[in-house]
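Report on the structure
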Amino acid sequence: MNVSEYCILRDAYQHFVPNLTIGAPVIESLRKHTKAYLDCHLMVTNPLDYVEPLAKAGASGFTFHVETTKDNWKELVQSIKSQGMRAGVALKPGTPIGEVYPLVEDENPVEMVLVMTVEPGFGGQKFMPEMMDKVRILRKKYPSLDIEVDGGLGPSTIDVAASAGANCIVAGSSVFGAPEPDQIISLLRNSVEQAQQTY
Ligand SMILES: O=C(CO)[C@@H](O)[C@H](O)COP(=O)(O)O
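Presented here is a report on the structure given in the accompanying data block.

Rules used throughout
- Residues numbered from 1 in each chain as written.
- Predicted model: local features only at pLDDT ≥ 70, side-chain atom pairs only at ≥ 80, totals over all residues.
- Heavy atoms only, no water.
- Helix = DSSP H or I, 4+ residues; strand = E, 2+ residues; numbered from the N terminus.
- Contact = heavy atoms within 4.5 Å.
- Areas by Shrake-Rupley, 256 points an atom, 1.4 Å probe, with all protein chains shown as cover.
- Near = heavy atom within 4 Å.
- Polar contact = N/O pair within 3.5 Å; in protein donor to acceptor, adjacent residues only side chain to side chain.
- Nonpolar A, V, L, I, M, F, W, Y, C, P; charged D, E, K, R; others polar.
- Buried < 20%, exposed > 50% of the residue type's maximum accessible area, 1.4 Å probe, protein only.
- Arc of directions from axis to C-beta.
- Pairing = 2+ DSSP bridges.
- Right-handed = clockwise from strand over helix to strand, strands pointing away.

The number of helices and strands found in the chain is eight helices and six strands. For the chain, the N- to C-terminal ordering of α and β elements is α-β-α-β-α-β-α-β-α-β-α-β-α-α. Once local pairs closer than 6 in sequence are excluded, the contacts in the chain between residues at least 24 apart make up 65%. Within the structure as shown, the chain displays about 9500 Å² of accessible surface, and the carbon and sulfur contribution to it stands at 53%.

Here it is, written out as structure tokens:
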């Protein structure tokens, strides 16, 4: 994925994590004003229920948690793609990386893996550098896979994430808390683009 075309939209519902943020109506409203890639991370226990509403609302990517889909992920991935969205799978810090291999190696694979670098649920948490082992393993195993990181990303943590192999960056506090958000976005983007030349 070309990072310059990439835009993030976080999407959490009140199941898998305790707080509630953005739902399909917000995506529908945004879609009227942008052609940007709207990347939706479903922190829910029942992701299949949200595929159709999010697709209709104009979501571009649909990322579910591997911890919620022990036996129905094939049906879920099929449903996401058939509704015209890209499929991604996320994993919490305590979940072993091997849990996502079957989803990446399937004949109908997910197109992105989201490595959580904080416990999902809240912005403003501290980046967990030990999660970079997961990113390095994924990048080595799957050179062209989109690998996303989420949690505590900003100027002080981007280089370690980018050099480990992350190419999709979720950044909340560092961007929205900055006096000049566009400068932070450029810094994050430049770090990823430079690191991409090394792998
Ligand atoms: O949603 C979560 C965790 O579930 C956050 O990680 C945000 O998506 C990013 O926020 P910052 O960590 O950048 O403040």
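Further notes follow.
What follows covers the site of the ligand. Around the ligand lies a shell of 16 residues, among which Gly-121, Gly-124, Asp-150, Gly-172 and Ser-173 are the nearest. Asp-150 is positioned with one of its side-chain polar atoms (N or O) 2.7 Å from an oxygen atom of the ligand. With respect to the ligand, the backbone of Gly-172 contributes an N or O atom lying 2.7 Å from an oxygen atom. Compared with its free state, where it exposes 360 Å², the ligand has 92% of that area covered by protein. Per-class residue counts for the shell around the ligand are seven nonpolar, seven polar and two charged.

Within helix H5 (residues 132–141), the full set of buried residues consists of Met-132, Lys-134, Val-135, Leu-138 and Arg-139. Down the axis of H5, the smallest arc covering the buried residues is 150 degrees, so these residues share one side. Looking at the buried side of H5, the elements it contacts are strand E3 (86–91), helix H4 (101–105), strand E4 (112–116), strand E5 (146–150) and helix H6 (158–164).

With five of its five residues buried, E5 lies for the most part within the structure. Side chains Asp-146, Glu-148 and Asp-150 project from E5 onto one buried face, and the interleaved Ile-147 and Val-149 project onto a second face that is buried too. Pairing between E4 and E5: five bridges, direction parallel. Directly across from Leu-114, in E5, lies its bridge partner Glu-148. Taking the sense of rotation as the criterion, the β-α-β connection linking E4, H5 and E5 turns out right-handed. Pairing geometry for E5 and strand E6 (residues 168–170), over three bridges, is parallel. Directly across from Val-149, in E6, lies its bridge partner Ile-169.

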